[in-house]
Every structure is written in C-alpha cells, then in structure tokens.
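Geometric and topological summary
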Amino acid sequence: MSGFVFNQEAVCTISNSLYLGSNNGGDWSNTFAKNATINNCYYLNPCGTAQGTQVTADQLKSGEVAYLLQGDRTDQFWGQMLGTEDEPQFTADAAKHIYKVDFTYNDKVVASRYANTGKTVTLPTLQDILGDSYNAHHYYSGFAFADGFTASTRVTADKTVAVAATLTDKEYFEIATADDWKAFCDLVNGGQITVDAKLTKNIDLGGNVWMIGKNGKPYSGTFDGDGHTLSIDWNVISEAAPFFYTSGGATIKNLHTKGKITTTSKGASGLIDRVVGKTTICKCISEVDITSSYAISACQASGFVSFNKSKKGDLTITDCIVKGTFNATTEKGSTGMGGFVSYNNEVVCTISNSLYLGSNNGGIWSYTFANNATINNCYYLNPCGKAQGTQVTEKQLKNGYVTKLLQADRTDACYWAQQLGEMPSLFNGNTWAVNRIYYDTVDQRWECNELNTSDYLSVGMDFYALRTHFDRNIKANKPYTVTLPCEWSNSTDKVYVLSSVNKAKGMASFSQVENNVNGEFHSFEAYKPYLVVPTNNLSYIGGSIECLVYAEPDTPVAEDVNGVQWRATYEGLTNAEAVAAGAYILQSDGLF
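Described in the following lines is the structure provided in the data block.

**Side note on the overall build of the protein chain**
Helices and strands together make up the secondary structure of the protein chain, namely 7 helices and 53 strands. Over its C-alpha atoms the protein chain spans a radius of gyration of 38 Å, topping by over 25% the 25 Å that the globule rule assigns to 592 residues. Over its C-alpha atoms, taken along the principal directions, the protein chain stretches across nearly 140 × 65 × 50 Å. Burial analysis of the protein chain (592 residues in total) assigns 45% to the buried set. Across the protein chain, contacts joining residues at least 24 apart in sequence account for 65% of those joining residues at least 6 apart. Carbon and sulfur atoms form 47% of the exposed surface of the protein chain, whose accessible area is close to 28500 Å².

Shown next, in the form of structure tokens:
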C-alpha cells in the first residue's frame, strides 16, 4: 500500500503535501510513492517506508507545518486558524495565513513561534532561549527582547527578534538589603523556587514578615548566609519563619537568624516553618526568641523547623546551634516544643554535631533536639522537655572541651572554633583573634595563634599555642605563686618548690629549681605550683613560642610535704575561702 501513489511506473513528483493517515502497511509500502520525487512533504506516521519529513502533533497544532507547506509562495495555498484548528488546511483565507517569528540569541535562532495575521505569539522562556546552558539555580536578570517585542506585539509579517543585550547570568541572587530579601521572596514565591542566593551583608527585616517559599512553591535552591545575620522582630497571628516551605534538595547554610517572633498561633520557628521534601541545614545559628499564646494545643516553637511533614519530610541538620528562648504563655502551648525540630513523625530526620544552648518552658511532649530523630554527637546545657544528646556544663562549654567533641574526628576542615572563656562557635575563617582555638588541617592539630590572659582561663583540651603571654604585675625580689597551663622556662629569676615544713616553728622551706642544667634551660611543668622571686619587675610571665597547652586536670596538682599540701589553685581563692581552707599566704601582696 502507499500513502499517495501505489503503482508507480512513470514520472511522479509530489510537492508541498501532507500525509496524516493511518495504516498497517508492510515491507513494500511507501508513505508517499515508490520511485517518486518528494519535495517539501511531511507526515505524522509513516506508511511502510518513511518518506519526507516526520512531524509531531504539536508541530501540526502550532502552525509550523502549515508555514512549511506554504513555503515562500506569494499565493496562499495553506493556512490554519491557530487555537481552533489542530492541523494545516487548504485555504486562501488571509485570516488563516501563518507568519513565523524567529527568536535569536548570539545571532543564532534558538526558538520559533507562529501566528495568524495580526495575532500575538507566546514568548519563549529563558530556558527555551538558553537550552542546555540554562541553570535553574542561577539568577538571570534583564531578560527581554529587542525593539520592545512583547507578548502583546501584533505579528503582520515574518520577523526575527533578538534577545536584548541586557540579559545577565549570575550564579546566585545577591541579598544585601531588606529590599533585596523582599525581591528574592517575590522571585521564589512567583515560581523560581530553585534559584540560589547569598547574603552579602547583615540585614534587619524589622517587623516586615517576608517569608521565602509557600504551599505549592517550596524553596528548593541553596541559600548561603555567608556568615551574615538576618534579624527579625515579628508580631503575627499565623505560622512564621524566614523560610516558610522547603523541599526538593534545599540547602540553607552559614546563616545566623536573630531576633524575636511573637505569635498567637502555633508553628513559629527560627529558620523554617515546614519541610515538605529533602532539606539540609548546616553551619547555621538560630538565636530567635519565640513567644506563643496559642492555647488549643502544642505551640510547636522550634529553633530550626516547626513541622517536618509526615511521610514527605527528609531533613538533615549538621553543625548547628540553637540559642533562642521559647516561651509558651499557655499550659497547652507548652506541651510541645522542639529545641531543633518540633513536629517530626513518620519522616527522616538526622541531627549531627550540634549544640542546644537555648532556654524554654517546654512540657511533656517537648524534645531537646527532635522527636523520632537520629541524634549523633549532640550536646546541650539545659534540656527542652525530654533530654537528648549529652549534657555538658558551662565550664566545659567555655574551655574548649565541647568544641573538640563537636569537631569530632573530622580532619578535612575546621568546623568548630573556640574563643576561650566564651561559648563554642562555628568556624568562620578567623584564626588570629587572641585566645581563639581552631583546628589546623595542615598540621592536623588544634592551635591558638596567641594565648594571652591576665586572669584565670580554663582550658578543656590540649592545643598548640604559637605564642603565650600571661599578664602579671610582679615586683622585683618579692615572692609570687605561679601556675601555668603549659610548660614554661625562666632564665633570669629564681623559681622554687616547697621542700619541707616545720609546723612547730611555723616555718616552710623552699628549694630552688635549677634554671640551667648543663647549658640547657629547665622547663617548669604545666599546672604545677611554683614560687617565683623575680630579679626585676615583670609585667608578664611566659612568652614562649609554640608550646603545648594542656587541658586542665580534673584534680589540681598537689604535693604533700609533712602533712601540708603544696597545691595549685587555678581559679584562685578569695581570702575568706583561703582562710576556711587553712591556707598560708606566700605572696608579698597579701593575696592568695
């Protein structure tokens, strides 16, 4: 069988024609005709041997095939009323004439559209224009067409339209102001849910409740706070969080949220209200205070996620801190809070290497991190309802002990750092602050570029100090007690240890420790007590270059001499405490 001519034994030419039939033609069948000249012919489905050019139903419907069949002939043979007729028609009706609009980018045709006389075309999308080079995570701006061509432009002839030179491509949307945040909210909530963004400055939204993502359009890109802070001060009557809905592989990282949310509703969170698909939160700090007067059931206040949706949520939280205060003003409201995640049932939720430092009045159904979650290497100072993870003390938090635990055995990068005397912090690249401990990935060890203090500073882990400087005003030829957290040396002053005690005479004898042994300076032990008598006035002790600073021992180093203890007191003693302990004053300034 044959679509046009079967028995063909002479000259046969078929031009500007269309085969739309159906058949069950076999090996000796032809779509148009055997041994024929086929010019500008098209078919939807072949009849046996394919001939001409195959087209799709969409091409037929769009007007493209009618345009091709008409060709460049001035008399009209083919046409089609677009939107009404689904395939080309034989017609001389000028109203059905098809015009073509080619859209070009970098002088190359990248898309075509077709229109009847005086009608408009549907503009190609940016993805149509860029093709394989389009990246859904990039931020494109200035997308327009030359000569003011728009979706309202009437088409009265074949036309070539170029993409305007104003098109720009950035890897992410930059947010430096509150207005930028609002613009990004509008972008995402308008449908561009995968665009990545980066905060380039600290911004304060104040009372402007602008949230990223919404039902049906959850944010699915990567948001990098770049170590900056987003501040809010919201009074609302509904669920609220900087990110309202997330899904589809969303990642939020390096962001510090701060401020407060006051609500009459449930579901306030310091970062995300609802997770409805795969979401990752890493290296973020939530320091948002939440006050809820919701009285119907649990208020679901949370540091990071209020609602990890059942059977849809897939949440991973790594290297994060919650510091905010949660306050439910009703008894029912207090029954359900989450330090990190509030509602978390029948979902995947893993929280690792994280720290809860918040305060709350969470009740029976509250959880320090999250209900039904996998908790790995996480710590807290005070629980939120049910305790999870490992409780630590304020001293352990401030002396580096917890920081080392949070870093764990990871050596590929420094994730946590410690300003001695303060709470653990996420590593931000700063290594030169005084008394700041960080993990050096090159030397594979904990380091501090300068350890410098005038008061007691508890140390909870071993680290290398590249320089030490312990401020201390000491007068020449007067005795002072000294205990340092590292080995130290002294080549000019006299250093003693207790050698004997005569209680009857009320006399204590000290023996001098040799500073120089066979030409080498003697190192004095870490955390061991010494009596120093300087030759000259001193403003500091130490000054060593690259020494190992040791973690403070659980029990102070002490030696018993004739029933009297020669004991280090790292934190010092008040006079009243010393008298109560039966201590002796050795320093010339009368202090212990």
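**So, the packing of aromatic side chains**
Summed over all chains, the structure comprises 25 aromatic pairs. Ring geometry for phenylalanine 244 versus tyrosine 245: centroids 5.1 Å apart, planes at 70°, classification edge-to-face. Both residues of the pair, phenylalanine 244 and tyrosine 245, belong to the buried class. A network of ring pairs unites the aromatic residues Tyr139, Phe173, Trp181, Phe184, Tyr219, Phe223 and Phe243 as a single cluster. Just above the ring of tyrosine 464 sits the side chain of arginine 445; from NZ or CZ to the centre is 4.0 Å.

**Some points on the pairing of strand S9 (residues 108-116)**
Pairing analysis gives 8 bridges linking strand S8 (residues 98-105) to S9, with the strands arranged antiparallel. Note on S9: the bridge partner recorded for aspartate 102 is serine 112. Hairpin connection of S8 to S9: 2 residues between the antiparallel strands, including asparagine 106 at a positive phi of 55°.

**Things to note about the sheet that holds strand S25 (residues 305-308)**
One open sheet holds the 4 strands; their spatial order is S18-S21-S25-S30, and the pairing between them is parallel. Edge positions in the open sheet fall to strand S18 (243-246) and strand S30 (341-344), since each of these has one partner strand only. Neighbour-to-neighbour, the strand axes of the sheet open up by a mean angle of 10°, direction not taken into account. Two elements, strand S21 (residues 272-275) and S25, share 3 bridges in a ladder whose sense is parallel. By the bridge assignment for S25, arginine 274 is matched with phenylalanine 307.

**Some remarks on helix H4 (residues 178-189)**
For H4, spanning 12 residues, the distance from its first C-alpha to its last is 16 Å, which sits close to the expected 16 Å at 1.5 Å a residue. Listed in full, the buried residues belonging to H4 are Trp181, Phe184, Cys185, Leu187, Val188 and Asn189. Phi turns positive one or two residues past the end of H4, at glycine 191, with a value near 125°.

**Observations regarding the sheet that holds S8**
Spatial ordering of the open sheet is given by S9-S8-S11, a layout of 3 strands whose pairing is mixed. Of all strands in the sheet, those bounded by a partner on one side alone are S9 and strand S11 (159-162). Within this sheet the neighbouring strands show an average axis-to-axis angle of 25°, counted without direction.

**A short note on the nonpolar core**
Grouped together as the largest cluster of nonpolar side chains are 59 residues, with contacts concentrated most on Trp181, Phe184, Phe223, Phe243, Ile281, Phe304 and Phe340. Look past the residues within four positions of tryptophan 181 in its chain and what remains in contact with it is Ile175, Ile203, Leu205, Trp210, Ile212, Phe223, Leu230, Pro242 and Phe243. Counting 41 residues, the second largest nonpolar core, distinct from the first, contains Cys414, Tyr496, Ile541 and Cys547.

**Let's talk about unusual backbone geometry**
Its identity as a non-glycine residue notwithstanding, asparagine 16 has a phi of 50°, on the positive side. Looking at where asparagine 16 falls in the secondary structure, it is placed in the loop between strand S1 (13-15) and strand S2 (18-19). Given a relative accessible area of 22%, asparagine 16 falls into the partly exposed group. Phi angles above zero are rare outside glycine, and asparagine 377 is one such case at about 55°. Among the secondary structure elements, asparagine 377 is positioned in the loop between strand S34 (374-376) and strand S35 (379-380). Classification of asparagine 377 by relative accessible area gives partly exposed; the value is 26%.

**Some points on the pairing of strand S39 (residues 436-440)**
Along S39, 5 of the 5 residues are buried, which leaves the element largely enclosed by surrounding structure. Note that strand S37 (residues 416-419) and S39 share 2 bridges and pair antiparallel. Paired with glutamine 419 across the two strands is arginine 436, which belongs to S39. Strand direction decides the pairing type here: S39 and strand S40 (residues 445-448), joined by 4 bridges, are antiparallel. Bridging from a neighbouring strand, tyrosine 439 pairs with tryptophan 446 of S40. Counting the residues in the hairpin turn of S39 and S40 gives 4 residues, including glutamine 444, whose phi is positive at 55°.

Definitions and cut-offs
- Residues numbered from 1 in each chain as written.
- Predicted model: local features only at pLDDT ≥ 70, side-chain atom pairs only at ≥ 80, totals over all residues.
- Heavy atoms only, no water.
- Helix = DSSP H or I, 4+ residues; strand = E, 2+ residues; numbered from the N terminus.
- Rg over C-alpha atoms; globule rule 2.2 N^0.38 Å.
- Buried < 20%, exposed > 50% of the residue type's maximum accessible area, 1.4 Å probe, protein only.
- Contact = heavy atoms within 4.5 Å.
- Areas by Shrake-Rupley, 256 points an atom, 1.4 Å probe, with all protein chains shown as cover.
- Phe/Tyr/Trp six-rings, centres within 6.5 Å; stacked < 30°, edge-to-face > 60°.
- Lys NZ or Arg CZ within 6 Å of the ring centre and 35° of its normal.
- Pairing = 2+ DSSP bridges.
- Axes fitted to C-alpha atoms, helices over the stretch in contact; angles between N-to-C directions.
- Expected span 1.5 Å × (residues − 1).
- Core = buried A, V, L, I, M, F, W, Y, C linked by side-chain atoms within 4.5 Å.

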